[in-house]
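# Structure assessment
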Amino acid sequence: MISAAAVELRAGSHLLLDAATFRVAPGDRIGLVGRNGAGKTTLTKALAGQTLPAAGTITRSGDVGYLPQDPRTGDLDVTARDRILSARGLDQIVRDLRAAETSMAAETGEKQERAMRRYARLDAEFTAAGGYAAESEAAQIAGALGLTERQLDQPLGTLSGGQRRRIELARILFSGAQTLLLDEPTNHLDADSIAWLRDHLKGYKGGLIVISHDVDLLDAVVNKVFHLDANRAELDIYNLGWKAYLGQRETDERRRKRERANVEKKAAVLLAQADKMRAKATKTVAAQNMARRAERMLGGLESERAHDKVAKLRFPEPAACGKTPLRASGLSRSYGSQEIFTDVDLAIDRGSRVVVLGLNGAGKTTLLRMLAGVDTPDTGQVEPGHGLKVGYYAQEHENLDTTRSVLENMKSAAPDSFGETDVRKVLGSFLFSGDAVDKPAGVLSGGEKTRLSLAMLVVSSANVLLLDEPTNNLDPASRAEILGALSTYKGAVVLVTHDEGAVDALEPERILLLPDGVEDLYNADYRDLITLA
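Description of the structure in this document. Chains are numbered independently. Their residues run from 1 in the order of the written sequence. With the structure being a predicted model, the display of local features is reserved for residues of pLDDT at least 70 and the display and counting of side-chain atom pairs for 80 or more, all residues being used for whole-chain, interface and lining totals. Excluded from the side-chain calculations are hydrogens and water; all other atoms, namely the structure's heavy atoms, are used.

### As for the overall build of the chain
- When helices and strands are tallied, the chain shows 18 helices and 18 strands.
- Projected onto its principal axes, the C-alpha coordinates of the chain cover approximately 115 × 65 × 40 Å.
- Relative accessibility thresholds used throughout: buried, under 20% of the residue-type maximum; exposed, over 50%; partly exposed, between the two (1.4 Å probe, protein chains only). Counting every position in the chain, which comprises 533 residues, the buried fraction comes to 49%.
- Carbon together with sulfur atoms contributes 50% to the accessible area of the chain, which is approximately 24,200 Å² in total.
- Here the chain contributes 68 positively and 74 negatively charged side chains, and the mean placements of these two sets differ by 10 Å. Numbering of helices and strands starts at the N terminus; helices are DSSP runs of H or I of at least 4 residues and strands are runs of E of at least 2. All accessible-area figures derive from a Shrake-Rupley calculation using a 1.4 Å probe, and residue coverage is judged against the displayed protein chains alone. The convention is simple: Lys and Arg are positive, Asp and Glu are negative, and His and the chain ends are not counted. Positions of charges follow a simple convention, taking NZ of Lys, CZ of Arg, CG of Asp or CD of Glu.

Below, the structure is given as C-alpha cells:
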C-alpha cells in the first residue's frame, strides 16, 4: 500500500501538485490521467521513491514495482531471461547452476565431484525458492508480451529498445510486487500483447496506478481515476470506472460553471449596491462590509477548468533538394550471431511517403538510425542526395542531450539565422515557457521529451523526416496535432509506428517490410500489420 499526505510536487518553481492526500490500497486499479506535462510521471517517480516531494510525506508498505517510460535495463551483457528472474533474486542461482554444469562436464576426479555436490546444493536451493515453477511463470509472461525463447537467451545489448522495454515490463509483472506503478505500459506492444496485458491487470489483486493513453486499457482495467489538473495543480479523485468518470467529470464542470455564474451574479449585485451606498457618508461602513462579503463569495468558488493547452505543430517547409535526396543499398545488420536484416535497398524520392513494417526486433529502429547517420551498417551504404536535410525523431529520444537544458537543445537544432527570441517563440508554441526552458532535458516526462524533439524538427527545415513512433506518450489532443501536421507536410517521410491513425494521416505510397527488405505499394491489406509491427 502507498499513502500520500499533503504531497506537493514542483518542477523548478512551477507548482505541479498542491497538498494532495490519497492512498493506493490492494484492489485499487487507478488510472492516472492529465495532459502532457501535468506531472503524472513526476508523481509516479515520487510514489516509487525515486524522487522526493517538495512537501508532504509518502509512505510505502510492501514491495513496489515501477515501470518508467524510459526503463534502465541494467547490465547489457545479462541475458533477457536472467534480467526477468532477477526480480525475485533467482538470476544468480541460475548462473551458478550453469557454471556448475560446465564444471561437471569439463572436470574429472575430485574436481568433478565437488562440482556435482555444488550443483546438488544449488539445485536444492533453487527448488526451495520455487525456481523451476518461477522460471516457467517468467517464460509464460514473456511469451505473452511477444518475447520468444530465442530472445530470452540473448544478451540485452543485442535486443531492440522495444524488446528491452517488454523485458522490463515482464520483470515488473513477474516480481510479485504488492503495488504496481506502470507508466505507458502498452508502448512497443503489439495488439495481442496489449489484449493479454489488459486481462492480466484486470485480475490484479494488489494496488495499481497506470498512466496510459490507451483508452481501451483504461476502460477495461481501472476502477478509480486520479485526474491531475495542470491548470489548478490539484488531484481530482473519482471512485469510478473509466466511462463513469468521463461522464462525472463533465457533470462536475457544468456544476462549477453554474455555481460560478450564480455567485458572480449575486456578487455583482452586492458590489453595485455597495458603490451606490458609498456616495452617502452615513453608509460607508455598510458599503465596505457589503463589498467584503462579495469578495468572500467570489473567493470561495471552485476554479473553473481552463481548456488544456496543446502544442501547435507544423512541420517545416522543406529545403530544396534533388529528385532522390536519400538512397540506401545493400544494408545489413547483425548483433553477434543474430542476423537482424540483410541486403535492404531503399530510395526516398522528394516528397515520397514510406511506412516501415515488421515485428518487434525486425530492425525498424536500426534502419532509421542508419538512414539518419547515427548507426553504421555492417554492409552496404547510405547515400545522401543533392540538398539532403534529415530530421530524425528517435523513439527513445536519443537525439536529446539530457545534460543540456531545453533551450540549449533547441539552439543546437536551429539554423544560425534563428536568434534566441525566435527559438523561445517556437518553444512557447510547444508549451515550454518561463523557467521550463531552463530545465535539463533529462528530467522531462516522456510527453515533454516528445514535444521537445518535435520542436527541434520544426526549426530544422528538413526535407526528409525519419519518424520513429512519434505518437508515443502523447495525449489525444497532442496526437491529433501531430497527425494534422503529418498530413500537410510537403517533404519526404519514412515512418515507423504502431499507430493506425498515423499511417492514415500520412497516406503512404509504399511500404518496406523488414527483415526481408521487400517493397510494395501500400494498400488496405497491410493495415492489419500496423498494430502487430
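### Description of the packing of helix H13 (residues 406-413) against helix H14 (residues 420-429)
- To get an axis, a line is fitted to the C-alpha atoms, and for a helix only the part in contact is used. The angle between two axes follows their N-to-C directions and goes from 0 to 180 degrees. Interhelical geometry of H13 versus H14 gives an angle of 115° and a closest axis separation of 10 Å. The angle between H13 and H14 places the two elements in the roughly perpendicular class. Crossing hand, H13 versus H14: right-handed. Facing Val 406, Leu 407, Met 410 and Lys 411 of H13, the residues of H14 in contact are Glu 420, Val 423, Arg 424, Val 426 and Leu 427.
- Residues are grouped as follows: Ala, Val, Leu, Ile, Met, Phe, Trp, Tyr, Cys and Pro are nonpolar; Asp, Glu, Lys and Arg are charged; all remaining types, including Gly, are polar. In the contact of H13 with H14, the residues fall into 6 nonpolar, no polar and 3 charged. Angle categories: roughly parallel below 35 degrees, roughly antiparallel above 145, roughly perpendicular from 65 to 115, and oblique for all the rest. Two helices cross in a left-handed way if the nearer one is turned anticlockwise from the farther one by less than a right angle. They cross in a right-handed way if the turn is clockwise. By the convention used here, residues are in contact when the closest approach between their heavy atoms is within 4.5 Å.

### Thoughts on the environment of Gln 178
- With respect to the helices, strands and loops of the structure, Gln 178 is situated in the loop between helix H7 (161-174) and strand S6 (179-183).
- Exposure remark for Gln 178: the relative accessible area of 41% places this residue in the partly exposed category.
- Once the C-alpha coordinates of Gln 178 and Val 64 are considered, the two residues, 114 residues apart in sequence, prove to be 6.2 Å apart.

### Let's talk about empty space enclosed by the protein
- Think of a 1 Å grid over the protein atoms and nothing else: a 1.4 Å probe that fits but is trapped marks a cavity, an open set flanked by protein within 12 Å on at least five of seven lines marks a pocket, and residues with an atom within 4 Å of a point count as lining. Grid points are joined across faces, edges and corners, and a volume is the space filled by probe spheres set on the points. Evaluation of the coordinates by the stated rule reveals 4 cavities of 30 Å³ or more.
- Considering only enclosed or pocket space, the largest cavity measures out at about 90 Å³ in volume.
- Residue lining of the largest cavity: 14 residues in total, with Asn 36, Lys 40, Thr 41, Gln 69 and Ser 445 positioned closest to the centre.

### Focus on the sheet that holds strand S8 (residues 224-229)
- At least two DSSP bridges between two strands are required for those strands to pair. The 6 strands are arranged S5-S6-S7-S3-S8-S9 in an open sheet whose pairing can be described as mixed. With partners counted over all chains shown, the strands left at the sheet margins are strand S5 (64-67) and strand S9 (234-238), one partner each. Put simply, the sheet's adjacent strands are angled 15° from each other on average, direction ignored.
- Bridge count between S5 and S6: 4 bridges; the pairing is parallel. Within S6, the residue paired with Leu 67 across the bridge is Leu 182.
- Strands strand S3 (29-33), S8 and S9 of the sheet are contacted by helix H10 (residues 242-278), whose axis makes an angle of about 125° with S9.

### A look at the environment of Arg 314
- As for its placement among the helices and strands, Arg 314 is situated in the loop between helix H11 (284-299) and strand S10 (326-335).
- We classify Arg 314 as exposed; its relative accessible area is 58%.
- With 170 residues separating them along the chain, Arg 314 and Gly 484 place their C-alpha atoms 8.2 Å apart.
- Not counting residues within four places of it along the chain, the set of residues in contact with Arg 314 comprises Val 458 and Ala 485.

### Here we look at the pattern of salt bridges
- Each reported salt bridge corresponds to a side-chain nitrogen of Lys or Arg within 4 Å of a carboxyl oxygen of Asp or Glu. Evaluated as defined, the whole model comprises 24 salt bridges.
- Ionic pairing is found between Arg 88 and Glu 137, a salt bridge with its closest N-O pair at 3.0 Å. Taken together, the residues span a long stretch of sequence, with Arg 88 in the loop between helix H2 (80-85) and helix H3 (91-106) and Glu 137 in helix H5 (residues 131-144) at a distance of 49 residues.
- Using a relative accessible area of 36% as the deciding quantity, one classes Arg 88 as partly exposed.
- Classification of Glu 137 as partly exposed rests on a relative accessible area of 30%.

### Quick look at the side chain of His 188
- Of note, His 188 is situated in the loop between S6 and helix H8 (191-202).
- By relative accessible area, which is 7% here, His 188 ends up buried.
- With near-sequence residues (within four places) excluded, His 188 lies in contact with Gly 162, Arg 165, Arg 166, Asn 360, Gln 395, Glu 396, Asn 472 and His 498.

### Examining a negative patch on the surface
- Here the term patch refers to residues with relative accessible area over 30% and no salt bridge, with like charges joined within 9 Å and nonpolar side chains (Val, Leu, Ile, Met, Phe, Trp, Tyr) within 5 Å. A contiguous patch of negative charge, built from Asp 401, Glu 408, Asp 435 and Asp 438, is present on the exposed surface.
- Along the chain, Asp 401 turns up in the loop between strand S14 (390-393) and H13.

### What to know about unusual backbone geometry
- The amide bond that connects Leu 514 to the next residue, Pro 515, takes the cis arrangement and shows omega of 10°.
- Checked against the element boundaries, Pro 515 lands in the loop between strand S17 (510-513) and strand S18 (518-521).
- In this structure, Ala 19 takes a positive phi of about 50° despite not being glycine.
- Structurally, Ala 19 can be placed in strand S2 (residues 14-24).

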